[in-house]
Amino acid sequence: MLLENDLIRYVESGRQVRVLWLHTEKNTVFLIDVLDEIAIPFELSQQTLIEDLMSKRAVTVDDPFQQLTLEDKIKASYRAIRDKAMRIIQPIVIQKPAVFYSNKRWRLINDAIRLNQCNHKTIYRYLRKFWQKGQHPNALLPDYSNSGGKGKVREIGIIKRGRPRKYIQSVGINVSEDMRKTFLVAVSRYYVTNKRFTLKNCYKKMLKEFFCKKSIDPYSGRVTLFPIEGEDDSHFPTFAQFQYWVDKDNNRLDMKRKRLGSRVYDKDMRGLISTSNSEVWGPGARFQIDATIADVYLLSRIDRRKIIGRPVIYVVIDVYSRMIVGLYIGLENPSWVAAMMALGNTVEDKQAFCKKYGVEIEPEDWPCHHLPAAVLGDRGEIASGLIDNLINNFFVEIESSAPFRADWKGIVEQRFALLPAVFKPYVDGYIQTDYQERGATDYRLDATLDIDQFTAITIESVLYFNNAHEIKNYDKDHDLAAADFAAVPIQLWEWGISNKSGSLRNYPADRVKFSLMPSSEATITEFGIKLRSTYYTCQRAMQEGWFDKARQDGRTKVQVSYDPRDMDFIYIHAPDKVEGYEVCQLTPRSRAYVNSTSWEIEQAEHSSKVRSAEHAPKERMASLNLIANIEAVVESAKDMKPPSMGVSATSRTKDIRQNRLIEKSDNRKTEVIRLGDAAKPVPRNIPNNIVRFPAGQDDDYDEPDITQIIKSGKEDA
């Protein structure tokens, strides 16, 4: 199936073309060569293009221009350039198919020239860039990132590289390749091998050994140093140059590991880790999104003794076919965060989504994984700064309903009456109409399901409505009425894709979800990347030594996105990567929060703080009692200590070893281990005719000290 914005490459020639628009009435497709600097749109038979794809003469390829660009990361000047260009061509590009025919396009361009005081070359440049790079506003951003030579080493010329000196007249020198080798030798010889050397000491030692010559006075023997070149130090590299090239040519962390040794480094410095149908022309023309609070109480997955309240249900529905294309059930209050999750679900693989909740389906049971041309929702949920990412990265038009005008979203509102009607009689904890009456049952106490089980039931209900429920009062147009089939959402969806133009766009689900996720600022610490009270790590952080640097140089901030429903992973913003993010997973330090949502983590933290506050008085009193007991023992010992008047310090300390042996012998009488009958005291009658052995030195089980070893060696000799 051909889709708008598909990128197709011809195998033999390497030519790449983009699908700009499908003309269903003429059964043709408009294309543009994305590599041609003077390309213009051209028309081709859909059948010809499909035959090329079927015969493998042409293949669809990943879009290299579809890179995620977050709105708050774009410079204001770049946004101004983009918005100006979009403002000029907006009236032109919406005129489809007229804009793709040269004679009609020329009239549209002339109108834009008169309105905006620009020339036709500028407008053609904007149009070509818009079409070739994916037909979204961000395609018009300037390509300044391709300019210059960031990160490249400049060639050495006559003029000195870098900023000029500020306080002295000398110009300075350029650091050559040979000089950089000298820096490496100096670092390896002085800095890495000598822990007493700072980098400044290493720099001075290098100047002395490699950039100076010695002169020895024959009479006094005094050594004087002179620069090898010139009469002063103007030919010396500065410390700033030395430091710059050491950092560029070496890994500071590796140097520090060699300098301190692996054992010390790992111990002290490593990181610890009208009708709605009259306004749409086919599937994907408009999605409607809305939320409601379900009339059922749920239990906690962590502790099923706890009631967690009523969940929020978000539904995204295709206006044309009435297919439910996105679903979110959670504990987030109606807001952009929850709406984001529902919109992200619209592009998700529904087979994998259902499997997470134990529902097995085939791909054709729920074939919805696309973005629409427009989304209609409540102003409070849609009016978010994050919505700009969806608009500018995927060219989705956002429409908000007026306050207190739920009828503007009548299609999705109706589903909130139909879905609960299916499972209401079978679900415990569902609120009945008498819940406010005196003597009525407290339905909260009947709660039985957790949020995953309730989600599985809702998914089953969605599958029923999408695949079996007939919409009795569906507003059909002439073509649809002539088709003569039951108005079941799945049939309307499939017929609309085959017979109507529609505006379904297929984008990588991960990119869409990432652009919709809430973002926050995390802290890079020695224990990991900290978001609230949980810690994460990733391959990039380990390779670049983020946690080592945090412990040594201080903590830094990093922007992350996350899914509040699954806090096992967060996503660091990485503009240098095509996908725009780096995946981070929980560290063992935060293993207590595995498989937890943001809400569950907050609840666990709150419970921990409550328990700590309740225990604090007991711990405080115990510590005071400990101090009192220690002081009592010390006072008793002071009372028992005899006076030392008239006794020299030498006489008191010279027999410490012998005193220790006597005390040890006395302790053994009480410390000896006897088990069973042996523990009972047995009287011993010693005959008079037994001669005792002379008492020898008591057994000493201590390890000998060095003086005893030396004494024993002399006696053996």
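Right above here is the structure, for reference.
Reading the values: rules and limits
Residues numbered from 1 in each chain as written. Predicted model: local features only at pLDDT ≥ 70, side-chain atom pairs only at ≥ 80, totals over all residues. Heavy atoms only, no water. Helix = DSSP H or I, 4+ residues; strand = E, 2+ residues; numbered from the N terminus. Buried < 20%, exposed > 50% of the residue type's maximum accessible area, 1.4 Å probe, protein only. Areas by Shrake-Rupley, 256 points an atom, 1.4 Å probe, with all protein chains shown as cover. Phe/Tyr/Trp six-rings, centres within 6.5 Å; stacked < 30°, edge-to-face > 60°. Lys NZ or Arg CZ within 6 Å of the ring centre and 35° of its normal. Salt bridge = Lys/Arg side-chain N within 4 Å of Asp/Glu carboxyl O. Pairing = 2+ DSSP bridges. Axes fitted to C-alpha atoms, helices over the stretch in contact; angles between N-to-C directions.

Draft legend 1. The overall build of the chain, seen in detail. Summing up its helical and strand segments, the chain has 24 helices and 20 strands in all. Sorting the 717 residues of the chain into buried and exposed places 41% on the buried side. Per element, the accessible surface of the chain, about 43400 Å² overall, is 51% carbon and sulfur.

Draft legend 2. View of the packing of aromatic side chains. This structure, assessed with the given rule, holds 19 aromatic pairs. Measuring from ring centre to ring centre gives 4.8 Å for Phe30 and Phe100, while their planes differ by 20°; the resulting arrangement is stacked. Of this pair, Phe30 sits in strand β3 (residues 28-33) while Phe100 is found in the loop between α2 (76-93) and α3 (102-116), placing the two residues 70 residues apart along the sequence. Comparing Phe30 with Phe100 shows no difference in burial state: the two are buried. Centre to centre, the rings of Tyr203 and Phe242 are 5.6 Å apart; their planes meet at 45°, and the pair counts as tilted. With Tyr203 in helix α6 (residues 199-210) and Phe242 in helix α7 (residues 239-249), the pair connects residues that are 39 residues apart, well separated along the chain. No difference in accessibility class separates Tyr203 from Phe242, as the two residues are buried. Taken together, Trp21, Phe30, Phe100, Tyr101 and Trp131 form an aromatic cluster joined through their ring pairs. Looking at Lys200, its charged tip hangs above the ring of Phe239, at a distance of 4.3 Å from the centre. Positioned above the aromatic ring of Tyr535 is the side chain of Arg589, whose terminal nitrogen or guanidinium carbon lies 6.0 Å from the ring centre.

Draft legend 3. Fine view of the pattern of salt bridges. Tallied over the entire structure, the rule returns 24 salt bridges. Among the ionic pairs, Glu4 bridges to Lys96, the shortest N-O distance being 3.9 Å. Taken together, the positions of Glu4 in the segment before β1 (7-10) and Lys96 in the loop between α2 and α3 put the pair 92 residues apart, joining distant regions of the chain. Among the ionic contacts, a cluster of salt bridges with common partners joins Glu71, Arg82 and Asp83.

Draft legend 4. A look at the sheet that holds strand β4 (residues 42-45). Taken in spatial order, the five strands line up as β4-β3-β2-β1-β5 in an open sheet, and their pairing is antiparallel. The sheet is open, and its two edges are formed by β4 and β5 (58-60), each paired on a single side. Adjacent strand axes in the sheet meet at a mean angle of 40° when their direction is disregarded. The sheet contact formed by strand β2 (residues 16-23) and β3 spans six bridges and is antiparallel. Residue pairing across strands places Leu22 opposite Val29, the latter belonging to β3.

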